[in-house]
Amino acid sequence: MSPAPLTPPDPSDPIVVTGLGAVSPLGVGIEATWRALMARRSGIRANDRFDVSDYPARIAGLVPGKGEPDGFDPLDHVDGKDLRKMDLFIVYAVAAAAQALAQAGWAPDAAEPLARTATIVGTGVGGVPAMTGAMETIRARGPRRLSPFVVPSFLPNLAAGWISIRHGFTGPIGAPTTACAASAQAIADGMRLIRSGEADVALVGGADACVDPISIGGFCAARALATEFNDRPEEASRPLDQARAGFVLSEGAAALVIETLSHARARGATPLAVLAGHGASADAYQLTAGHADGHGPRAAMEKAMAMAGLAPADVDYVNAHSTSTPVGDAAELAAIAAALPNRGKDLAVTATKANTGHLLGAAGAIEAAITVEILRRRTIPPAANLSAPEPAAQAWTLATEGPVTRPIRAALSNAFGFGGVNACLAFREAASLPA
C-alpha cells in the first residue's frame, strides 16, 4: 500500500517550542544553566581531562562532574552497558533530549505519533575522543582489541540514532555537521519537516564533547584559542570585549521540542516561545573567517526576520554567536549593525559564550534554548567579562551593569561556523500567540 500523501499544516499555524534540555559547563538542566547565567558564573576551568602542560591553551569549558553542584553523572542517564558503546557527545545528547521531552510531556507509545516525530541532532565534530582512543588501542594492543562498537560510538549521526531508538521515534532523522552552526541548522531542519507535513513534532538540537588532545591541539595550531588567561580561566571568554583574544573550547548538548501550536494545544502542552523563522547563507570566502563587513551573517539574519515577518525595529534582543575572536566578533558586530540599522539602547545584544565558552556544534542549540528562556522570563542575564565593550557595540544595551528586565517581543540567535556557514533563528515571545 502506498503511503498517504503528505498534508502540510496550515502555514498560519505557528511552530512553538514546548521543551528544553541542556547539559553545559554551567550544569545539568536549563534551570541550572539559567541560575549560573544570572549569577555571572563561568563554566570555564583548568582542563584536567589530559596532560595539557605542552599546550598553549590549558583551560576548557567542562561539564561539572558527579558530586559537583548541578553535576553530571552519565549513569543517571545511560546504563553502564550502553555507556561503553557511546562517545561522550552521545551521552550528553541523550540526557538533554530526555529533559526536553519530559518538559514537553511528549512520550507517545502508538505507531502513528512515533512515526510523526523527527529527530535532528547536529554536531560539529562528533566522536573525536572515541577515534583517538581507538587509535591508542591499535598502537598499544593491536586492531583485534577494538570494540565492535567503536565506529557507532563516533559517527556524527549516532546522537540522533540513540535518541530515536531510546524513544521509539520512527520519523525523519538527521544530523547536520555544519561546524559551529550545526545545531542551529538542526533546529531549522526540524522546522522545515513540520512545515512540509513530514512530522508533527521534532526533537532538535546538538552535541559536542571534544575537549581532547587533537581538538585542543588543532585549534591551538590555528591560533583560535584563548591562551592568555590560563591562570584566570573564568575571565578567558570575552565576547564583544576589546581584550578578547580567542575562544575557549567547551562541551555539552542542548535539545528543544518543537511542534505546531494546534498540536501543542490539542495535547495540553505549554508553548514556551514561538520558533518564527530561520535563515542561512554561505560566505564563500575563506575556510576559517568571513568577510570583515559581515555580509554573510547579515544575510542569514535578514532571511530569518523575513520568514518570521519581523521588521528590524521589531527585534528586541540578539544572542550573538560571538566566540571571543578578534576577527569573528568584529564581523558579527558589523552584521548586526547592518541588519538592524539605527538602533540604540532599545536593542539588547549579549553573548552567552562569556559564561559557557564555545560548545562548537552544540552552541547554536544551547544559545537558542537560552534565548527561549530570555523571552519567557523577559530578563536578559548580566553580561560577563565585558569590562571594555567594542565601540561598535556601545550604542546597544549590553547588560554590563546587571540583569535587564523588560518586554522582549522578538529575538535572534546567531550561529556561524568554519567553511563560511551562517545560520540565524528568529523567536517570538509566547504572549504573541493567538488566544
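What you see is a predicted model, and the numbers here were worked out from it, not measured in a lab.

Q: Where do I start with the overall build of the chain in this structure?
A: Tallying secondary structure elements over the chain gives 14 helices and 15 strands in all. Against the 2.2 N^0.38 benchmark of 22 Å for 435 residues, the chain shows a C-alpha radius of gyration of 20 Å, consistent with a compact globule. The C-alpha extent of the chain, read off along each of the three principal axes, is 65 × 60 × 40 Å. Residue burial in the chain is summarised as follows: out of 435 residues, 59% are buried. Contacts in the chain between residues at least 24 apart in sequence constitute 80% of all its contacts with a sequence separation of at least 6. On the chain, roughly 16,700 Å² of surface is accessible, and the fraction owed to carbon and sulfur atoms is 56%. Side chains of the chain carry 35 positive and 41 negative charges; the gap between the two charge centres is 2 Å.

Q: Help me understand helix 3 (residues 88-104), please; the structure alone is not making it clear to me.
A: The end-to-end C-alpha distance of helix 3, which contains 17 residues, comes to 25 Å, matching closely the 24 Å that a straight helix rising 1.5 Å per residue would cover. Across the 17 residues that make up helix 3, a large majority, 13, are buried. Of the residues flanking the start of helix 3, the one acting as N-cap is Asp87, its side-chain oxygen 3.1 Å from the backbone nitrogen of Phe89. Positive backbone phi, approximately 70°, marks Gly105, located one or two places after helix 3.

Q: Explain the packing of aromatic side chains to me, please; I cannot follow it from the model alone.
A: Geometrically, a pair of aromatic rings is defined through the distance of the ring centres and the angle of the planes. Counted according to the given criterion, the structure contains four aromatic pairs. Relative to Tyr92, the ring of Phe72 has its centre 5.1 Å away and its plane inclined at 75°; by these criteria the two rings are edge-to-face. Placement of Phe72 in the loop between strand 4 (59-61) and helix 2 (80-83) and of Tyr92 in helix 3 is noted, with a sequence separation of 20 residues between them. A single burial state applies to Phe72 and to Tyr92, both of which are buried. Ring geometry for Phe219 and Phe247: centres 5.2 Å apart, planes at 75°, overall edge-to-face. On the criterion of sequence distance, the pair formed by Phe219 in helix 9 (residues 213-221) and Phe247 in the loop between helix 9 and strand 8 (252-260) is long-range, its members being 28 residues apart.

Q: Is there a simple way to think about the pairing of strand 8 in this case?
A: Every regular strand shows the same layout, with side chains that alternate between the two sheet faces. Counting buried positions over the nine residues of strand 8 gives nine, a clear majority of the element. Bridging between strand 1 (residues 15-24) and strand 8 involves eight bridges; their strand directions are antiparallel. Bridge pairing links Ile15 to Thr260 in strand 8. In this structure, strand 7 (residues 201-208) lies alongside strand 8, joined through eight bridges in antiparallel fashion. Among the inter-strand pairings, Val204 is bridged to a residue of strand 8, identified as Leu256.

Q: Just to check I follow, could you spell out the pairing of strand 7 for this structure?
A: Among the eight residues that make up strand 7, eight are buried, leaving the element largely enclosed by the rest of the structure. Alternating positions in strand 7 separate into two faces, Val201, Leu203, Gly205 and Ala207 on one and Ala202, Val204, Gly206 and Asp208 on the other, with burial throughout. Alignment of strand 5 (residues 117-122) against strand 7, held across six bridges, turns out to be parallel. Considered in strand 7, the bridge of Gly122 is made with Gly206.

Q: Just checking my understanding: could you explain the environment of Ala57 for this structure?
A: One can find Ala57 in the loop between strand 3 (44-46) and strand 4. Here the alpha-carbon distance between Ala57 and Pro233, two residues 176 residues apart in the chain, equals 10 Å. Contact partners of Ala57, with chain neighbours within four places excluded, come to Ile216, Cys220, Leu225, Ala226, Thr227 and Asn230.

Q: Looking at this structure, I do not really get the packing of helix 11 (residues 295-308) against helix 12 (residues 326-339). What am I missing?
A: Geometry of a packed helix pair, given as the angle between the helix axes and the separation of the axes. Closest axis-to-axis distance for the helix 11/helix 12 pair is 8 Å, and the angle between their directions is 40°. Considering the angle they form, helix 11 stands oblique to helix 12. Of the two possible hands of crossing, helix 11 and helix 12 adopt the one that is right-handed. Taken together, the residues of helix 12 that come into contact with helix 11 (itself represented by Pro297, Arg298, Met301, Glu302 and Met305) are Ala335, Ile336, Ala338 and Ala339. Tallied by class, residues from the contact of helix 11 with helix 12 come to seven nonpolar, no polar and two charged.

Q: Is there a simple way to think about the packing of helix 3 against helix 7 (residues 158-167) in this case?
A: Taken N-terminus to C-terminus, the directions of helix 3 and helix 7 make an angle of 45°; their axes are 9 Å apart at the nearest point. One way to sum up the angle between helix 3 and helix 7 is to call them oblique. Regarding helix 3 and helix 7, the two cross each other, and that crossing is right-handed. For the pair formed by helix 3 and helix 7, the contact residues are Phe89, Ile90, Ala93, Val94, Ala97 and Leu101 on the first element and Leu158, Ala159, Trp162, Ile163, Arg166 and His167 on the second.

Q: Which parts of the structure should I look at to understand helix 5 (residues 128-141)?
A: Residues spaced three or four apart along an α-helix point in a common direction, a consequence of the helix completing one turn every 3.6 residues. Helix length check: helix 5, at 14 residues, gives a terminal C-alpha distance of 20 Å against a target of 20 Å (1.5 Å per residue), a fit within 8%. Burial in helix 5 covers these residues: Val128, Ala130, Thr132 and Ala134. Each element contacted by the buried residues of helix 5 is listed here: helix 6 (150-154) and helix 9. Among the residues trailing helix 5, Gly142 stands out with phi positive, at a value near 100°.

About the thresholds
- Residues numbered from 1 in each chain as written.
- Predicted model: local features only at pLDDT ≥ 70, side-chain atom pairs only at ≥ 80, totals over all residues.
- Heavy atoms only, no water.
- Helix = DSSP H or I, 4+ residues; strand = E, 2+ residues; numbered from the N terminus.
- Rg over C-alpha atoms; globule rule 2.2 N^0.38 Å.
- Buried < 20%, exposed > 50% of the residue type's maximum accessible area, 1.4 Å probe, protein only.
- Contact = heavy atoms within 4.5 Å.
- Areas by Shrake-Rupley, 256 points an atom, 1.4 Å probe, with all protein chains shown as cover.
- Lys, Arg positive; Asp, Glu negative; His and termini not counted.
- Charge placed at Lys NZ, Arg CZ, Asp CG, Glu CD.
- Expected span 1.5 Å × (residues − 1).
- Polar contact = N/O pair within 3.5 Å; in protein donor to acceptor, adjacent residues only side chain to side chain.
- Phe/Tyr/Trp six-rings, centres within 6.5 Å; stacked < 30°, edge-to-face > 60°.
- Pairing = 2+ DSSP bridges.
- Axes fitted to C-alpha atoms, helices over the stretch in contact; angles between N-to-C directions.
- Parallel < 35°, antiparallel > 145°, perpendicular 65-115°, else oblique.
- Left-handed = near helix turned anticlockwise from the far one by under 90°.
- Nonpolar A, V, L, I, M, F, W, Y, C, P; charged D, E, K, R; others polar.

Read these as spatial facts, not as claims about activity.
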